[in-house]
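# Overview (structure and organization)
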Amino acid sequence: MEPERPFCGQVFSVSELNGVIKQMLEGVFAGIFVEGEVSNLREAASGHIYFDLKDKNGVLAAVLFKGYGWRFAQMLEDGLNVRVMGDVSCYAKQGRYQIVVKSVEPLSQGKLFLEFEKLKKKLQQEGLFDEARKKPIPAYPKRIGVVTSPTGAAVRDILSVLRRRNPNLDVIIAPVLVQGDEAAPQIVQAIKDLNQLKPAIDVMLVGRGGGSMEDLWAFNEEPVARAIAASRVPVISCVGHEVDFTIADFVADLRAPTPSAAAELVVQNAQNTREKVSQLAKRLAQAVSVLYERAARRLEAAVNNRVFLDPSVLTREKEQRVDELTLSLQEHMQQAVQNYFNRLEAARHKLSALNPQAVLKRGYSITRNAQGQIISRVLQTAEKEPLFIQVQDGTIRAEVK
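These notes cover the structure that comes with them. Quantities reported herein were computed from a predicted structural model and do not represent experimental measurements.

Rules behind the numbers
Residues numbered from 1 in each chain as written. Predicted model: local features only at pLDDT ≥ 70, side-chain atom pairs only at ≥ 80, totals over all residues. Heavy atoms only, no water. Helix = DSSP H or I, 4+ residues; strand = E, 2+ residues; numbered from the N terminus. Rg over C-alpha atoms; globule rule 2.2 N^0.38 Å. Buried < 20%, exposed > 50% of the residue type's maximum accessible area, 1.4 Å probe, protein only. Contact = heavy atoms within 4.5 Å. Areas by Shrake-Rupley, 256 points an atom, 1.4 Å probe, with all protein chains shown as cover. Lys, Arg positive; Asp, Glu negative; His and termini not counted. Charge placed at Lys NZ, Arg CZ, Asp CG, Glu CD. Pairing = 2+ DSSP bridges. Axes fitted to C-alpha atoms, helices over the stretch in contact; angles between N-to-C directions. Right-handed = clockwise from strand over helix to strand, strands pointing away. Parallel < 35°, antiparallel > 145°, perpendicular 65-115°, else oblique. Nonpolar A, V, L, I, M, F, W, Y, C, P; charged D, E, K, R; others polar. Polar contact = N/O pair within 3.5 Å; in protein donor to acceptor, adjacent residues only side chain to side chain. Phe/Tyr/Trp six-rings, centres within 6.5 Å; stacked < 30°, edge-to-face > 60°. Expected span 1.5 Å × (residues − 1). Arc of directions from axis to C-beta.

### A look at the overall build of the chain
Looking only at helices and strands, the chain has 11 helices and 13 strands in total. Whereas a compact globule of 401 residues would reach a radius of gyration of roughly 21 Å, the chain reaches 57 Å, over 25% beyond that. Dimensions of the chain, computed from the C-alpha atoms along their principal axes, are close to 195 × 70 × 55 Å. Buried residues in the chain amount to 31% of all 401 residues. Relative to all contacts within the chain whose residues are 6 or more apart in sequence, the contacts with residues 24 or more apart total 61%. For the chain, the exposed area adds up to about 26300 Å²; of that, 55% sits on carbon and sulfur atoms. In the chain, which carries 52 positive and 47 negative side-chain charges, the distance between the mean positions of the two groups comes to 11 Å.

### Quick notes on the sheet that holds strand β7 (residues 170–175)
With parallel pairing, the 5 strands of this open sheet are ordered in space as β7-β6-β8-β9-β10. Both outer strands of the open sheet, β7 and β10 (254–255), are each paired with one neighbouring strand and no more. Here strand β8 (residues 203–208) runs beside strand β9 (residues 235–239); their pairing, made up of 5 bridges, is parallel. Each residue of the ladder has a partner; that of Val206, found in β9, is Ser237. Those strands touched by helix α5 (residues 183–195) are β6 (143–148), β7 and β8, and its axis lies near 170° from that of β6.

### A short note on the pairing of β9
In terms of burial, β9 is largely enclosed, as 5 of its 5 residues are buried. A crossover links β8 with its parallel partner β9, the connecting element being helix α6 (residues 222–230), and its sense is right-handed. Where β9 meets β10, 2 bridges bridge the pair, whose relative direction is parallel. Within β10, the residue paired with Ser237 across the bridge is Arg255.

### A short note on the packing of α5 against α6
The contact between α5 and α6 brings their axes to 9 Å, and the two run at 10°. Between α5 and α6, the angle is such that the two are roughly parallel. Mapping the contact onto sequence places Ala184, Ile187, Val188 and Ile191 in α5 and Pro223, Val224, Ala227 and Ile228 in α6. Within the contact of α5 with α6, the residues separate by chemical class into 8 nonpolar, no polar and no charged.

### Some points on the side chain of Ser231
Checked against the element boundaries, Ser231 lands in the loop between α6 and β9. Within the structure, Ser231 has its side chain in polar contact with the backbone oxygen of Val233 (distance 2.7 Å). Apart from residues lying up to four places away in sequence, Ser231 is in contact with Lys135, Ile191, Asn195 and Met204.

### Quick word on the packing of aromatic side chains
This model, assessed by the stated rule, comprises 2 aromatic pairs. Each ring, one from Phe245 and one from Phe250, has its centre 6.1 Å from the other, and the planes form 25°; the classification is stacked. An aromatic cluster is defined as three or more aromatic residues linked by ring pairs; in this entry it consists of Phe129, Phe245 and Phe250.

### A word on the environment of Lys54
For Lys54, the location among the structural elements is in strand β2 (residues 49–55). When the C-alpha atoms of Lys54 and Val38 are compared, they prove to be 6.8 Å apart, with 16 residues separating the residues in sequence.

### What about the environment of Asp215?
Along the polypeptide, Asp215 turns up in the loop between β8 and α6. Considered as a pair, Asp215 and Val176 are 39 residues apart in the sequence and their alpha carbons are 14 Å apart. Aside from chain neighbours lying at most four places away, what touches Asp215 is Val178, Gln179 and Arg208. For Asp215, the side chain forms a polar contact with the side chain of Gln179, separated by 2.9 Å.

### Considerations on α5
Its 13 residues give α5 an end-to-end C-alpha distance of 19 Å, which sits within 8% of 18 Å, the value for a rise of 1.5 Å per residue. Every buried residue of α5 is accounted for by Ala183, Ala184, Ile187, Val188, Ala190, Ile191, Leu194 and Asn195. End-on, the buried residues of α5 take up no more than an arc of 160°, which puts them together on one face. Contact partners of the buried residues in α5: β6, β7, β8 and α6.

### Section: the pairing of β2
Buried residues dominate β2, accounting for 5 of its 7 residues. Relative to β2, strand β1 (residues 32–43) is paired through 5 bridges, and the arrangement is antiparallel. Residue Arg42 lies in a different strand from β2, and its bridge partner there is Tyr50. Linking β1 back to β2 in an antiparallel pair, the connection comprises 5 residues, with Gly47 at a positive phi of about 100°. Strand direction decides the pairing type here: β2 and strand β3 (residues 58–64), joined by 7 bridges, are antiparallel.

Rendered as structure tokens:
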């Protein structure tokens, strides 16, 4: 019995056929569960999350719309085995069927993810991730090596940035495969070859554009990690997008989120220096201009100053001030001398008043005994004791009775 073919012979436009398939899929595969490994996880600007579910024989596109995504976004990661529930739908515009996910249940981590974690732990314990062993990136490199695909978007982005920021750089491209079984050996050899160049390169960029975990796996290979660690030349890893992390990123001396960002980092110091020099030159020119204007104004003011028009102005006030000070000094000296004379005359009068001769002239006398002691009381004398009485014009000798 032949199968029923309800549309046999019917002519469809592309959009009509996609619409019919969409209706059929959505009517039959609703509320189903699908198990697989998360791969190529990415979030759109809209907030919707897109990823692939895969097993060893196939891949299924999946979308987690923003309305459901916030509950499951944090648990999703590349390499995670999950069971999703949702409806199979057809994205009619592109004729691509997908599962619209409504819930996610983690099952186990995928094989690649487990290998990644195992190697990461091993190299970390060996100290290959230690900051102390990482080499500084030169501030002003002249020769730059790039290990990447010669045909990918990454090399175009790197060259575009380098030429725009510093066209005088010497850039050496080491072309390699960046995906597949042969990629890792080629990357290892390219790193070794760039280390042997004469003259030596200053810094090396190793990376590729974005992709799934499988696409980036060459940069998770142990030989690549050890080649980067052994490189004499500082290495900047630039693998995938900002959300992508590989073993190469942990081993490298510096990680850049994208290839173009790596190129920006390489020439950042030189560009900043040029910008600073340009800014300083502008500031210097402005400062010189200001100083010139100030000096010009001061010169004009000086030329028009009345001192230059009549130089005697400089000495007139000084001479007048000298005259004032001289006159003041003379007045003060005369007054001081007069004061001294007055004080001297007063002292002379006091001294004269205290002079014993002056007292004798007023009729008084001074009586002394033979020893020259002044007699001021009767009890100081004795019978027949000689006394000497001093008067204004001489001394009288007497005897006590």
